[in-house]
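Architecture and fold: a report
Spelled out from the first residue to the last, the chains are:
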Amino acid sequence: MYLTKEEERMLDGEEGYAVKKSMEILVALGNIYGAEKLIRVGSVQVAGVSYHNLGDAGLEFLNTLAKDGKVKVLTTLNPAGMDLEDWKKLGISEKFAKKQNLVIDAFRKMGIIISCTCTPYLIGNLPRYGEHIAWSESSAVTFANSVIGAKTNREGGPSALAAAFVGKTPYYGLHLEENRVPDTHVDVRVKMKKFSDWGALGFSIGKRAENKIPYITGIKDVGLDELKTFCASVVTYGSKPLFYMKEITPGSEKHQLPREKITIEDKDIKEAYESINDDVDIVNFVCIGCPHSSIKEIARIAKLLENKSISPNTEFWVATSRQMKQLADKRGYTEIIERAGGKFACDTCMAVAPLKGRFASVATTSAKGCYYSRHNNMKTKLGSFEECIEAAVRGKWS
Ligand code: F3S
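These notes cover the structure that comes with them. Note that the coordinates shown come from a computational prediction; the quantities given were computed from them, not determined experimentally.

Some words on the site of the ligand
Taken together, Pro79, Cys118, Glu137, Ser139, Gly289, Cys290, Pro291, Cys349, Ala351 and Lys368 are the residues near the ligand. Here the element with the most residues in the shell around the ligand is strand S11 (residues 285–293); it accounts for three residues. Of the residues assigned to the shell around the ligand, the class counts are six nonpolar, two polar and two charged.

What follows is the structure in structure tokens.
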């Protein structure tokens, strides 16, 4: 890979240890994937923030980098393992909180914005169409590529961090126009009836498209929150972190319909629900906000919870960014949700909080949330906002 004089100096350690290590990571990646050079990035999103996933080895790695590492571009953080301000209410142990705070201290020292959300595009890290960025977090990567039209590979935590310290990323994969050509036509012949159908659709397309780039037709109307949940699902269950939706996502007009064709019908959506859903009666945990809830979604939850009470046997979380919660405070939504017995889980989420062994079952609006909850040994139910909130109130699915 060609390196400029400045990049060579960085690789030689002239800008310190963190930059040198980062250059080593980027050069190794570039050589593996055949990148000809490094390119500048407009922003970085760093995943791998929860102490639950990092452990002491990860914390040590971050502390070493934080000694002299400072990010060169706008860099935001993915969710951590707990609400950074009110972790006790979520049942997080003191021991975990101490370690998680050390992780956050290291990121703060590096100059990273402690945003702790997987929807950075809702709180100010919004790339422009065509902009090169280096993001980790699969749902955010898919949203950035497919809904915004920015260009990013699906970075891992360390490669995103390396891009932040250098301000550049290797020029390969989805940064190149030739690798952004759709290769399978997905004709959706389904009338979407409820919010969770978008997660079920993501499941079906992800499974059927496998590692291809879908060009999706047949969708007439879709909102941002539906796209958000679809992005999380489609990449979790199989396809590349890029799709085109005809006349909806930017750039779709530039491409021809691929020859290879998949048709999605009602039976595929039904099968998706059958595969995602377990046999659940008692619901111990309900979580809405995967990806993190928008203010519109929080408003919807508040409306559904007005004058209701969550079952004493059920824990109810609204996962969101702290900025969104602050808006919810001002609009009175927080009061309604908390009066009903719900909890805000800011800065964290159902997948990265240490939940293993705490709940036997979960109901959620998110197909991705179901996938990760199974890893946490929970039985899962995917449902609409109405179904999930009803389940939280009754403490039962039906
Ligand atoms: Fe976000 Fe956590 Fe879901 S990172 S997409 S809320 S699994």
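The rest of the description comes next.
A short note on the pairing of strand S2 (residues 43–46)
Going residue by residue along S2, you find Ser43 and Gln45 tucked away on one face and Val44 and Val46 tucked away on the opposite face as well. For S2 and strand S3 (residues 74–77), the ladder comprises four bridges, and the chain directions are parallel. Bridge assignment links glutamine 45 to a residue of S3, and that residue is threonine 76. Each parallel crossover has a hand, and the one from S2 via helix H3 (residues 51–66) to S3 is right-handed. The pairing of S2 with strand S4 (residues 134–136) spans two bridges and is classified as parallel. Within the sheet, the bridge partner assigned to glutamine 45 lies in S4 and is tryptophan 135.

Some words on the pattern of salt bridges
Under the counting rule described, the total for this entry stands at 31 salt bridges. Of the charged contacts in the structure, one is a salt bridge between aspartate 278 and arginine 374, with a shortest N-O distance of 3.0 Å. Note that aspartate 278 is positioned in the loop between helix H9 (266–276) and S11 and arginine 374 in helix H13 (residues 367–375), a separation of 96 residues in sequence. Residue class for aspartate 278 comes out partly exposed when judged on its relative accessible area of 22%.

A word on the packing of aromatic side chains
Applying the stated rule across the entire model yields 11 aromatic pairs. Between phenylalanine 230 and phenylalanine 243, the aromatic rings sit 5.0 Å apart at their centres with planes inclined by 85°, giving edge-to-face as the arrangement. Taken together, the residues span a long stretch of sequence, with phenylalanine 230 in helix H8 (residues 224–236) and phenylalanine 243 in the loop between H8 and strand S9 (244–245) at a distance of 13 residues. Since its relative accessible area comes to 0%, phenylalanine 230 is described here as buried. Both rings, one in phenylalanine 285 and one in tryptophan 317, keep their centres 5.1 Å apart while their planes meet at 85°; by these two values the pair is edge-to-face. Of this pair, phenylalanine 285 sits in strand S11 while tryptophan 317 sits in strand S12 (residues 315–320), and the two are 32 residues apart along the sequence. Comparing phenylalanine 285 with tryptophan 317, the two get one shared label, buried.

Things to note about the environment of alanine 18
With respect to the helices, strands and loops of the structure, alanine 18 is situated in helix H2 (residues 17–33). Alanine 18 gets classed as buried once you look at its relative accessible area, which sits at 0%. For the pair alanine 18 and valine 181, spaced 163 residues apart in sequence, the C-alpha separation works out to 35 Å.

As for the nonpolar core
Ranked by internal contacts, the top residues of the largest apolar core, which has 45 residues, are Val44, Phe107, Met110, Leu161 and Phe285. Elements supplying a minimum of two residues to this core: S2, H3, helix H4 (94–109), helix H6 (157–166), S11 and S12. With six residues, H4 is the single largest residue contributor to this core. Setting aside chain neighbours within four positions, we find phenylalanine 285 in contact with Thr314, Glu315, Trp317, Met350, Leu355, Phe359, Ser361, Val362, Ala363 and Met378. Of all hydrophobic cores here, the second largest spans 38 residues; its members include Trp135, Tyr237, Ile262 and Ile269.

A closer look at the sheet that holds S12
Taken in spatial order, the five strands line up as S13-S12-S11-S14-S15 in an open sheet, and their pairing is parallel. The open sheet has two edge strands, strand S13 (343–346) and strand S15 (379–382), and neither has a second partner. The sheet shows a mean angle of 25° between the axes of neighbouring strands, taken without regard to direction. Pairing analysis gives four bridges linking strand S14 (residues 361–364) to S15, with the strands arranged parallel. Residue pairing across strands places threonine 364 opposite leucine 382, the latter belonging to S15. Across the sheet, helix H11 (residues 322–331) lies against S11, S12 and S13, angled at about 145° from S13, the strand it touches most.

A few points about the sheet that holds S4
Taken together, four strands build an open sheet; the order of strands is S3-S2-S4-S5 and the sheet is parallel. Both outer strands of the open sheet, S3 and strand S5 (154–155), are each paired with one neighbouring strand and no more. Against the sheet, helix H5 (residues 138–148) makes contact with S4 and S5, and its axis sits at roughly 140° relative to S4, the strand it touches most.

With respect to the packing of helix H7 (residues 196–209) against H8
Remark: H7 packs on H8, axes separated minimally by 7 Å, with the N-to-C direction vectors making an angle of 35°. Crossing geometry of H7 relative to H8 is assigned as right-handed. Where H7 approaches H8, its residues Trp198, Gly199, Leu201, Gly202, Phe203, Ile205 and Gly206 are matched on the opposing element by Glu226, Thr229, Phe230, Ser233 and Val234. Partitioning the contact of H7 with H8 into residue classes produces six nonpolar, five polar and one charged.

Reading the values: the criteria
- Residues numbered from 1 in each chain as written.
- Predicted model: local features only at pLDDT ≥ 70, side-chain atom pairs only at ≥ 80, totals over all residues.
- Heavy atoms only, no water.
- Near = heavy atom within 4 Å.
- Helix = DSSP H or I, 4+ residues; strand = E, 2+ residues; numbered from the N terminus.
- Nonpolar A, V, L, I, M, F, W, Y, C, P; charged D, E, K, R; others polar.
- Buried < 20%, exposed > 50% of the residue type's maximum accessible area, 1.4 Å probe, protein only.
- Pairing = 2+ DSSP bridges.
- Right-handed = clockwise from strand over helix to strand, strands pointing away.
- Salt bridge = Lys/Arg side-chain N within 4 Å of Asp/Glu carboxyl O.
- Phe/Tyr/Trp six-rings, centres within 6.5 Å; stacked < 30°, edge-to-face > 60°.
- Core = buried A, V, L, I, M, F, W, Y, C linked by side-chain atoms within 4.5 Å.
- Contact = heavy atoms within 4.5 Å.
- Axes fitted to C-alpha atoms, helices over the stretch in contact; angles between N-to-C directions.
- Left-handed = near helix turned anticlockwise from the far one by under 90°.

Everything listed here is a matter of geometry and, on its own, says nothing about what the molecule does.
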